Amino acid sequence: MKQYKDSFTQIEKEYGLPQGILYAIAMKESSGKVMAKAGGDSTAKGLFQINNATAKQWNVDPWNPETAARATAAQLKRAFDKFGSWDKAIVAHKEGVTGVANGRHDEDYLQKVRAFQNQPWGENNSVVTETPRFKVVKSSDIKPKPAVEQETVSPLGGDWENLAAGFGSGLF
């Protein structure tokens, strides 16, 4: 995926997208695999898992990382302009703009994209544009589980001589 860093960074700047968002979506959608194909009945394919209908609508080749990135950037920008939220724009990549407008929201998807965005290209210099939603746990809130008492058990109640004799051994 690092071979696309300069290209994706330039596309993000052209469309006014948050830094690392294209990388993050590509990693979540395809684990960074250009030739990824969804299973089952889905026709989603490529880095951004663009399905056939969307590829036709956007006039894009889902297998081409740069054109797919440009189409994804344009879609993200349109969704952001509609909703005024990058979180909703990210979810719209998965659920569609209509889905988000109808109240669909995939928090798990959003959090996974945001996690990738926090360390694009294996670095730790991304800008998070909205506060991630996760529960903060203090170490004082973590309670250890009680120890389990162990009991020593020996076969045949500890009668080792009879056990050895049963195997014909002269150990005892």
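Scroll up to find the structure.
All figures in this text were calculated on a predicted structure; none of them were measured in a lab.

Regarding the overall build of the protein
- Scanning the protein for helices and strands turns up 8 helices and 0 strands.
- The N-to-C order of helical and strand elements in the protein reads α-α-α-α-α-α-α-α.
- Counting only residues that meet the buried cut, the protein has 36% of its 172 residues in that class.

Here we look at the packing of aromatic side chains
- Here the structure, examined in full by the defined rule, presents 3 aromatic pairs.
- Judged by centre distance (5.7 Å) and plane angle (15°), the ring pair of Tyr-4 and Phe-8 falls under stacked. Pair check on accessibility: Tyr-4 and Phe-8 agree, each one buried.
- Look at Phe-8 and Phe-48: their rings are 5.8 Å apart centre to centre, the planes differ by 50°, and that puts the pair in the tilted class.

Quick word on helix 7 (residues 107-117)
- When helix 7 is considered as a whole, its buried residues turn out to be Tyr-109, Leu-110, Gln-111, Val-113, Arg-114 and Gln-117.
- Against the buried residues of helix 7 lie helix 2 (21-30) and helix 5 (86-95).
- Its side-chain oxygen 3.2 Å from the backbone nitrogen of Asp-108, Asp-106 forms the N-cap of helix 7.

Some thoughts on unusual backbone geometry
- The backbone of Gln-49 shows a phi angle near 50°, a positive value even though the residue is not glycine.
- Tracing the sequence through the fold places Gln-49 in the loop between helix 2 and helix 3 (52-58).
- The backbone phi angle of Asn-59 is positive, close to 55°, even though this residue is not glycine.
- A relative accessible area of 73% means that Asn-59 is categorised as exposed.

Section: the pattern of salt bridges
- All told, the structure shown has 7 salt bridges when counted by the stated rule.
- Ionic pairing is found between Glu-14 and Arg-70, a salt bridge with its closest N-O pair at 2.7 Å. With a gap of 56 residues between them, Glu-14 in helix 1 (residues 5-15) and Arg-70 in helix 4 (residues 65-83) connect regions that are remote in the sequence.
- The residue Asp-81 makes a salt bridge to Lys-77 at a minimum N-O spacing of 3.1 Å. Placement of the pair is Asp-81 and Lys-77 together in helix 4, with a separation of 4 residues, close to one helical turn.
- Residue classification places Asp-81 among the exposed residues on the basis of a relative accessible area of 52%.
- Counted as one network, the salt bridges with shared partners bring together Lys-94, Glu-95, Arg-104 and Asp-106.

Some thoughts on the nonpolar core
- The biggest cluster of nonpolar side chains holds 32 residues, and the ones touching the most others in it are Met-1, Phe-8, Ile-21, Leu-22, Phe-48 and Leu-76.
- Going through the elements one at a time, helix 1, helix 2, helix 4, helix 5 and helix 7 are the ones with two or more residues in this core.
- If one sorts the elements of this core by residue count, helix 2 sits on top with 7 residues.

Procedures and definitions
- Residues numbered from 1 in each chain as written.
- Predicted model: local features only at pLDDT ≥ 70, side-chain atom pairs only at ≥ 80, totals over all residues.
- Heavy atoms only, no water.
- Helix = DSSP H or I, 4+ residues; strand = E, 2+ residues; numbered from the N terminus.
- Buried < 20%, exposed > 50% of the residue type's maximum accessible area, 1.4 Å probe, protein only.
- Phe/Tyr/Trp six-rings, centres within 6.5 Å; stacked < 30°, edge-to-face > 60°.
- Contact = heavy atoms within 4.5 Å.
- Polar contact = N/O pair within 3.5 Å; in protein donor to acceptor, adjacent residues only side chain to side chain.
- Salt bridge = Lys/Arg side-chain N within 4 Å of Asp/Glu carboxyl O.
- Core = buried A, V, L, I, M, F, W, Y, C linked by side-chain atoms within 4.5 Å.

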